[in-house]
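# Topology and contacts: notes
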Amino acid sequence: MARLNLWRWVVLALAALYFLVPLAASVIFTVDVPGQGITFDAYSEIVSTEGFTSSLLLSLELALATIAVVLLLMVPAMVALRLGAPRLRPVVEVVCSLPLVVPPIAFVAGISTVLKWGPEHLSRTPLFQTFVAIQNPSFPFVLVLAYVVMALPFVYRALDAGLRAVDIRTLVEAARSCGAPWPQALIRVVLPNLRGALLNASFLTLALVLGEFTVAQLLGFQPFAVWIYSVGGSQAQLSVAVSVLSLLVTWALLLSLAVFGGRSYKASASASRG
């Protein structure tokens, strides 16, 4: 037992070194200026740099929209799959795993082809305005659609793990026997028991959207990751400082979601006991 605990601490120490050493090196690079000593000018210039606020807000808006769409799509589908068609689970698993094997370059090439094909062949139909609207630079909904596809493997795994830990069939049958319609049974009975899985899916989707670069860059939009790359071409120190700050912001958002989810769970648990 003591040997197992020792190896556990060794693994944790190696993991901490693997993550913290590059982060510490990045911080030192941003604050140690040759000839000037320690300075935090790179961090003080971030907020005033053109495009910082707009790109960060755009990424957060895209993340929230992606989380909402992918959960609205996957939660009812996974529950229906668990209750009514368990034999289709391998098929759905393979379909949701496809984004992991399709290279992002091929994926964005397909999106670009569709976006070019649509206006050329649908210019005289109402769908033409749809193609124009989803490419609005202020909020490119086409990125939301792309991120939903890219997030499917992670959301599927998180929800599948949550559903395996809960007897959904018994919960739904109990709710239905009490007179609850299907939407109410899903919202008031199933979702509270999947809170951990929903939070995990939201965590993974948020991290994916904030860090995604290839699709947004090739489609010509500038969320936060693309803005960091554009700044890094001329100001290396500022680019690394923004990367460090973005990592800290992502951690803060994930911790906020975790704390919010934990408080909601405690509140619902205390209310049910009362």
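Scroll up to find the structure.
The rules we used
- Residues numbered from 1 in each chain as written.
- Predicted model: local features only at pLDDT ≥ 70, side-chain atom pairs only at ≥ 80, totals over all residues.
- Heavy atoms only, no water.
- Helix = DSSP H or I, 4+ residues; strand = E, 2+ residues; numbered from the N terminus.
- Buried < 20%, exposed > 50% of the residue type's maximum accessible area, 1.4 Å probe, protein only.
- Contact = heavy atoms within 4.5 Å.
- Areas by Shrake-Rupley, 256 points an atom, 1.4 Å probe, with all protein chains shown as cover.
- Core = buried A, V, L, I, M, F, W, Y, C linked by side-chain atoms within 4.5 Å.
- Arc of directions from axis to C-beta.
- Axes fitted to C-alpha atoms, helices over the stretch in contact; angles between N-to-C directions.
- Parallel < 35°, antiparallel > 145°, perpendicular 65-115°, else oblique.
- Left-handed = near helix turned anticlockwise from the far one by under 90°.
- Nonpolar A, V, L, I, M, F, W, Y, C, P; charged D, E, K, R; others polar.

### A short note on the overall build of the protein chain
Within the protein chain, the secondary structure is distributed over 13 helices and 2 strands. Every one of the 274 residues in the protein chain was classed for burial, and the buried ones make up 34%. By sequence separation, contacts in the protein chain at least 24 residues apart represent 76% of the contacts at least 6 residues apart. Carbon and sulfur atoms make up 69% of the accessible area of the protein chain, which amounts to about 16400 Å² in all.

### Some remarks on the nonpolar core
Note that soluble globular proteins tend to have their nonpolar side chains buried in a common cluster. Residues M74 and L219 are the most contacted members of the largest nonpolar core, which totals 50 residues. Counting residues per element, the ones that place at least two in this core are α3 (52-84), α5 (104-121), α7 (141-164), α8 (168-177), α10 (195-211) and α11 (214-219). Counting residues per element, this core draws most heavily on α7, which supplies 14 residues. Core analysis: the next-biggest nonpolar cluster, separate from the first, contains 11 residues, A42, F52, F224 and A241 among them.

### Brief notes about the environment of G211
Its location among the elements puts G211 in helix α10. In this structure the C-alpha to C-alpha distance between G211 and S243, which are 32 residues apart in sequence, comes to 9.9 Å.

### What about α8?
For α8, the complete set of buried residues consists of I168, V172 and A175. Looking straight down α8, one finds that the buried residues subtend no more than 65° of arc, so they occupy a single side. Immediately beyond the C-terminal end of α8, within one or two residues, lies G179, with a positive phi of roughly 95°.

### Considering the packing of α3 against α7
Between α3 and α7, the least distance of the axes is 8 Å, while the angle of their chain directions is 45°. With respect to each other, α3 and α7 are oriented oblique. Note on packing geometry: the crossing formed by α3 with α7 is right-handed. Across the interface between the two elements, L62, A65, T66, V69, V70, L71, L73, M74, V75, M78, V79 and R82 from α3 touch L143, V144, Y147, V148, L152, V155, Y156, L159, D160, L163 and R164 from α7. Looking at side-chain class alone, the contact of α3 with α7 contains 19 nonpolar, 1 polar and 3 charged residues.

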